[in-house]
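Descriptive analysis of the structure
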Amino acid sequence: AGNSINDIFEDTQHNLWISTDGGLCRLNRDLEQFIRVFPNEKNPHLVLSNLAEDKANKLWVAGTDGALYRKEGDSFVTFPNPENTSSIIEFIILDNGLFWLSYANYQLFEFNPQTGGFRLLKNNPNQEILSFFEDEQSRVWLGLNGGGIQIYDAPNKDWHNLKHKPDERNSLPND
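Throughout what follows, the structure given in this document is the object of discussion. Keep in mind that this is a model prediction, so the values were computed, not measured.

When its secondary structure is counted, the protein shows zero helices and 16 strands. Taken against the 2.2 N^0.38 rule, which gives 16 Å for 175 residues, the C-alpha radius of gyration of the protein at 17 Å falls within 12% of a compact globule. In terms of overall dimensions, the protein has a C-alpha envelope of 55 × 35 × 30 Å along the principal axes. For the protein, the residues scored as buried account for 42% of the 175 residues in total. Considering only intrachain contacts with a sequence separation of at least 6, the fraction spanning at least 24 residues in the protein is 27%. As displayed, the protein offers around 10000 Å² of accessible surface, 46% of which is attributable to carbon and sulfur atoms. If the 15 positive side-chain charges of the protein are averaged to one point and the 25 negative ones to another, these points end up 3 Å apart.

Structural data, given as structure tokens:
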């Protein structure tokens, strides 16, 4: 559907999904062809980025309009963020079922899929969050563009930073 691939994801049903600058496609393995499934004629200019699947095996897609989209049958349910319409850079579905989303305007939001509500967690001026990881101790690691790593220790509700320290041999090689 587009010339720029933003994410590739295989769901639990072994469907291969490709998000592009022109929409979301699913590979039909039997016919060896891609089928464009989203967006439709209602929102033809929507660019989709990241893909993930929740514990209920529902596919979620992030949009450049700041919204999340959940696949329901042959359609998608929209969850717009009323506080932020900037592009979603990355998101993660945490073990507790909540989502964390980084936006192009350097904000970090939490999304509750049960209520459909968004909550601002953090403003990171000039610190774009590029990646997320949740470890076995329920710590969420945030990879920043030029800002090192931020770690949120959920059990202790505490933030830590890891940055390059030129005088320490075992620190990050750069930020």
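This part is about the side chain of Thr20. Here Thr20 lies in strand E2 (residues 16-20). A relative accessible area of 2% means that Thr20 is categorised as buried. Of the polar contacts made by the side chain of Thr20, one reaches the backbone nitrogen of Gly22; its length is 2.9 Å. In this structure the side chain of Thr20 is engaged in a polar contact, spanning 2.9 Å, whose partner is the backbone oxygen of Gly23. Not counting residues up to four positions away in its chain, the partners in contact with Thr20 are Ala1, Gly2, Ser4, Ile5, Asn6, Val47 and Leu48.

Glancing now at the pattern of salt bridges. A complete count under the given rule lists five salt bridges for this structure. Among the charged side chains, a network of salt bridges with common partners joins Lys58, Arg70 and Glu72.

Counting residues in each nonpolar core, the largest one holds 14 residues, and the members touching the most others are Trp60, Leu68, Phe91, Phe99, Leu101 and Phe111. For this core, the secondary structure elements donating two or more residues are strand E6 (59-63), strand E9 (88-93), strand E10 (99-103) and strand E11 (107-112). Excluding residues that lie within four positions of it along the chain, Leu101 makes contacts with Leu68, Ile88, Glu90, Phe91, Gln107, Leu108, Phe109, Glu110, Phe111, Phe118 and Phe132. The next biggest cluster of nonpolar side chains, apart from the first, holds 11 residues, and it includes Trp17, Leu46, Val61 and Tyr69.

On inspection of all chains with the given rule, the structure shows 13 aromatic pairs. Chaining the aromatic ring pairs together yields one cluster made of Trp60, Phe79, Phe91, Phe99, Phe111 and Phe118. Directly above the aromatic system of Trp159 lies the positively charged group of Lys122, at a separation of 4.3 Å from the ring centroid.

Attention now moves to the sheet that holds E11. In spatial order, the strands read E9-E10-E11-E12; together these four strands make up an open sheet with antiparallel pairing. Both outer strands of the open sheet, E9 and strand E12 (117-123), are each paired with one neighbouring strand and no more. Between one strand axis and the next, the sheet turns by 25° as a mean value, whatever way the strands run. Looking at chain direction, E11 and E12 are connected through six bridges and run antiparallel. Pairing of Glu110 across the sheet is with Arg119, part of E12.

Our focus in this paragraph is the pairing of strand E1 (residues 5-10). Of the pairings in the sheet, the one linking E1 to E2 comprises five bridges and is antiparallel in character. Looking across to E2, one finds that Glu10 is bridged to Leu16. Linking E1 back to E2 in an antiparallel pair, the connection comprises five residues, with His14 at a positive phi of about 70°.

Procedures and definitions
Residues numbered from 1 in each chain as written. Predicted model: local features only at pLDDT ≥ 70, side-chain atom pairs only at ≥ 80, totals over all residues. Heavy atoms only, no water. Helix = DSSP H or I, 4+ residues; strand = E, 2+ residues; numbered from the N terminus. Rg over C-alpha atoms; globule rule 2.2 N^0.38 Å. Buried < 20%, exposed > 50% of the residue type's maximum accessible area, 1.4 Å probe, protein only. Contact = heavy atoms within 4.5 Å. Areas by Shrake-Rupley, 256 points an atom, 1.4 Å probe, with all protein chains shown as cover. Lys, Arg positive; Asp, Glu negative; His and termini not counted. Charge placed at Lys NZ, Arg CZ, Asp CG, Glu CD. Polar contact = N/O pair within 3.5 Å; in protein donor to acceptor, adjacent residues only side chain to side chain. Salt bridge = Lys/Arg side-chain N within 4 Å of Asp/Glu carboxyl O. Core = buried A, V, L, I, M, F, W, Y, C linked by side-chain atoms within 4.5 Å. Phe/Tyr/Trp six-rings, centres within 6.5 Å; stacked < 30°, edge-to-face > 60°. Lys NZ or Arg CZ within 6 Å of the ring centre and 35° of its normal. Pairing = 2+ DSSP bridges. Axes fitted to C-alpha atoms, helices over the stretch in contact; angles between N-to-C directions.

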